[in-house]
Amino acid sequence: MIGKTNPVPVPAERSVLSFTLNGEPVAVAAPPSRRLLDVLRHDLLLTGTKIGCEIGRCGACMVLVDGQPMNACLTMLYQVEGRRVTTIEGIAGGADAMHAVQLAFLEEGGYQCGYCTPGMIVSAAALLAEKPDPTDKEIIEALSGNLCRCTGYGGILRAVRRAAAIGREANG
Ligand code: FES
Ligand code: FES
């Protein structure tokens, strides 16, 4: 052979990976290293999870994996195999239901353009599931990975406080 040839990149193998999405079992045929963000938005057409920075800094793509907030832009499909993924579409647990955080964002005007809102709501819901009566400091820490560029954070903070109050009232 004359000279050397560069190895041709081999496309990643497609695999069928299964996980639970918003309470329903799903199986996706895709390269295991495909970003969860792309699987959700492009393969499964769940566009509530937003694309922002794509480097884990803005929180627009926040989803829950086994109840913990994770950036879908930094999560690979293989990392959620066998796990429970919840997106903004499933956060309330039903198509006609509204999570207390969603209701509180509406009532407190915790959004303007709304682009950051799904990620904010997912992070806030995770916080309240763990801490039903958070301090302001805990709310601010829980939302520190979510950036809002237009509404300011006053309404968002009020909304999470209000959601906590709604949750406490509902649970007696
Ligand atoms: Fe994932 Fe910004 S798009 S953190
Ligand atoms: Fe516009 Fe937050 S409401 S980025």
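Everything that follows concerns the structure shown earlier in this document.
This structure is a prediction, so every number in the text was calculated from the model and none was measured.

So, how was this worked out
Residues numbered from 1 in each chain as written. Chains lettered and ligands numbered in written order. Predicted model: local features only at pLDDT ≥ 70, side-chain atom pairs only at ≥ 80, totals over all residues. Heavy atoms only, no water. Salt bridge = Lys/Arg side-chain N within 4 Å of Asp/Glu carboxyl O. Buried < 20%, exposed > 50% of the residue type's maximum accessible area, 1.4 Å probe, protein only. Helix = DSSP H or I, 4+ residues; strand = E, 2+ residues; numbered from the N terminus. Contact = heavy atoms within 4.5 Å.

Visitor: Help me understand the pattern of salt bridges in this model?
Guide: Opposite charge on two side chains permits them to pair, given that their charged atoms come into close proximity. Inspection of every chain in the model, using the stated rule, returns eleven salt bridges. Close ionic contact of Arg 34 with Asp 43 constitutes a salt bridge, the shortest N to O distance being 2.9 Å. Of the residues examined, Arg 34 reaches a relative accessible area of 25% and is grouped as partly exposed. Note that Asp 136 is salt-bridged to Arg 161, the shortest N-O span being 2.9 Å. You can see Asp 136 sitting in helix α4 (residues 136-142) and its partner Arg 161 sitting in helix α5 (residues 154-170), a full 25 residues away along the chain. In this structure Asp 136 comes out as partly exposed when scored by relative accessible area, which is 33%.

Visitor: Before we go on, may I ask you to explain the environment of Met 120 in this structure?
Guide: Position of Met 120 relative to the elements: it lies in helix α3 (residues 117-130). Residue classification places Met 120 among the buried residues on the basis of a relative accessible area of 1%. The contact partners of Met 120, leaving out residues within four places of it in the chain, are Phe 105, Leu 143, Asn 146, Leu 147, Cys 148, Tyr 153 and Ile 156.

Visitor: Just checking my understanding: could you explain unusual backbone geometry for this structure?
Guide: Peptide bonds are mostly trans, and most non-glycine residues show a negative phi. Even without being glycine, Asn 22 reaches a positive phi, approximately 50°. Of note in the backbone geometry, Leu 45 takes a positive phi value of approximately 60° without being a glycine. Note on placement: Leu 45 falls in the loop between α1 (36-43) and β3 (62-65).

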